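Close look at the chain arrangement
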Amino acid sequence: MTDTAWIDAALTSARPQAVGALLRYFRNLDTAEEAFQNASLRALRSWPQNGPPRDPAAWLIMVGRNVAIDDIRRTRKQEPLPDDHQAISDLGDAEDAIAERLDGSHYRDDILRLLFICCHPELPATQQIALALRIVSGLTVKQIARAFLVSEAAMEQRITRAKARVAEASVPFETPGAVERSERLVAVAAMIYLIFNEGYSASGDTAEIRSTLSEEAIRLARLLLRLFQSEPEIMGLTALLLLQHARAAARFDSEGAVILLDDQDRSRWNQKMIAEGLALIDKAMRHRDSGPYQVQAAIAALHARAEKPEDTDWRQIDLLYGALEIMQPSPVVTLNRAVAVCKVRGPQAALEMIEPLAPRLSNYFHFFGVRGAFLMQLGRNDEARVAFDRAIALANTSAEAAHIRMHLDRLMRDSQPRDTKAGK
Amino acid sequence: MLYAILCYHDEDLVGSWSKEQDAAVMSKLAVVQEKLAKQGRLGPVARLLPTTAAATLRKEDPPLVIDGPYAETKEQLLGFYLVDCKDLDDALDVARDLGAANPGGAYEIRPVGMFAPGSNTT
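Described in the following lines is the structure provided in the data block. All figures in this text were calculated on a predicted structure; none of them were measured in a lab.

1. Section: the overall build of chain A
Per the secondary structure count, chain A includes 18 helices and 0 strands. Expressed as a percentage of the 424 residues in chain A, the buried residues total 43%. Long-range contacts, defined as pairs at least 24 residues apart, comprise 63% of the intrachain contacts of chain A with a sequence gap of at least 6.

Right, dumping it as structure tokens:
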């Protein structure tokens, strides 16, 4: 291993475990991060000459700890040092000792704690995500800024602010109990889902840049699942992300315009991701302990399994959305269900389903897009046009607006024959 | 004699490779495989999905299904090759070639006792 790119990959993969352990040791995020940085710099010097260590994470923890302790020793000679610092004398022995300890129970809780710190309830979602990408994933501020389409200075500020907030809050360092652990897991899963959505909701022109976010979310979800192998909801989450991301290459055309599910070239779906997603949802279902991620993954799985759009089992999707409505009542879920209802029972039933949502979704782009589409199918073109106009006004990205404009153009083209038909 | 070359690697690490790094490894491995295939020595080759997708059936009574791989280890079984080799030295040479294309981790080299090619499932 001589190429720095490979060392970077090793550092990235060791990072959550190493920073998590250093955080447990120093109980301070900045110290832990700095210790990891210093250890990484030494790795870049040492690994190409001496070869990579057998356990990079253990090496980084030990070196990071030593360097940080030296720093502490130098700066505040009077203060007592953290426990068992003197144990580190011989490099090989210490590495083995730490590696042994890491195999134990700490490993899991260290990483979970590190992730959990980023989901502090006082942090707005955007700060949670930025913090997790910086601290856990180790993306540079520049990379994160690029993915969020903001300036590096703005992102630097956002992360600094988030860190300050976290530092003020009391970080739970004691080993969590079962209830606490599962609460942390829920919060962390939600944050990973947010990271994914940041990438997934990108428009065509930024999709490639922002896919970093989706890929990182998948990596974190897999990491979490490695730690909690029999949690069906974490299987569901990972499956959901994989099944959604599998369609990435087919979601936009060469000009960056949205391609709807029905019109996507399914041969461009990533079959390996689909296989992994299906395997996970398959496994999750065996637990008979359903949850929102599993249901959403099951819906995504039905799309993934359909070789042609007309093979899609919309009746089953309707049922699954019905289950999701009960678990997680939300107008957005009902709106999605209505799309399935339209396929199964027709546009009239679907329209009736979404009418009551109007007050709560009056600023939601997709509501007017979907409403317009139902009205268009019913031949109520004037009303459809009003809905589409409203959707364009609410569009979040240029690709969304362009997509609705395409509907409007079709309405214009079709209005002649349709009116004739209506006049009969 | 037929040898199984079982590929062990840290899957977190392999999962941290960029798409380009992953593709670079796969194309280097393809060169080694191509050579073996031309010599008529290459049997089935598999790259396994992450261990998170694995389930384990413990053959107790009644059999017990566990999520995840059989063993929790630092390095995971990520794939395998079946290669026809003269002897262990020859198999080690093949493993060295593969290892040069895909650094890190370890290969376990196991002589095959029985091999049924099965039907084509591709």
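2. What about the interface of chain A and chain B?
The interface of chain A with chain B comprises 20 residues on the first partner and 17 residues on the second. Secondary structure elements with two or more residues in the side of chain A that touches chain B: α1 (4-26), α9 (207-227) and α11 (271-285) of chain A. Looking at the side of chain A that touches chain B residue by residue, the classes come out as 9 nonpolar, 5 polar and 6 charged.

3. Observations regarding the sheet that holds strand β1 (residues 2-9) of chain B
Residues and elements named next belong to chain B. Read across the open sheet, the 4 strands follow the order β2-β5-β1-β6; overall the sheet is antiparallel. Lying at the two open borders of the sheet, with one neighbouring strand each, are β2 (42-47) and β6 (106-111). Sheet twist, expressed as the average angle between the axes of neighbouring strands with direction ignored, equals 20 degrees. Against the sheet, helix α3 (residues 88-101) touches β1, β5 (76-84) and β6, its axis set at about 150 degrees to β6.

4. Details of the packing of helix α6 (residues 141-148) of chain A against α9(A)
Residue and element names in this part refer to chain A. The geometry of α6 relative to α9 is characterised by a closest axis approach of 8 Å and an angle of 115 degrees between their N-to-C directions. Judged by the twist between their axes, the crossing of α6 over α9 is left-handed. The residues of α9 that touch α6, namely those facing Gln143, Arg146 and Ala147, are Ile209, Arg210, Thr212 and Leu213. Here the contact of α6 with α9 is built from residues that sort into 3 nonpolar, 2 polar and 2 charged.

Rules used throughout
- Just so you know, the residues in each chain are numbered from 1, in the order the chain's sequence is written.
- A letter from A marks each chain and a number from 1 marks each ligand, given out in the order of writing.
- A pLDDT threshold of at least 70 governs which residues receive local features in this predicted model, and a stricter bar of 80 or more applies before side-chain atom pairs are shown or counted, although totals over entire chains, interfaces and linings include all residues.
- In this description a helix means any DSSP run of H or I spanning at least four residues, a strand means any run of E spanning at least two, and both kinds are numbered starting from the N terminus.
- Residues with at least 20 other C-beta atoms within 10 Å of their own are called buried, those with 12 or fewer are called exposed, and the rest are partly exposed. The C-beta atoms themselves are positioned from the backbone.
- We call two residues in contact whenever the C-beta atoms placed from their backbones are within 7 Å.
- Each residue is assigned to one of three groups, with Ala, Val, Leu, Ile, Met, Phe, Trp, Tyr, Cys and Pro labelled nonpolar, Asp, Glu, Lys and Arg labelled charged, and all others, Gly among them, labelled polar.
- Strands were regarded as paired on the criterion that DSSP finds at least two bridges between them.
- Axes here mean lines fitted to C-alpha atoms, for a helix over just the part in contact, with angles spanning 0 to 180 degrees between N-to-C directions.
- Helix crossings are classified by the rotation of the near helix relative to the far one: an anticlockwise turn of less than a right angle makes the crossing left-handed, while a clockwise turn makes it right-handed.

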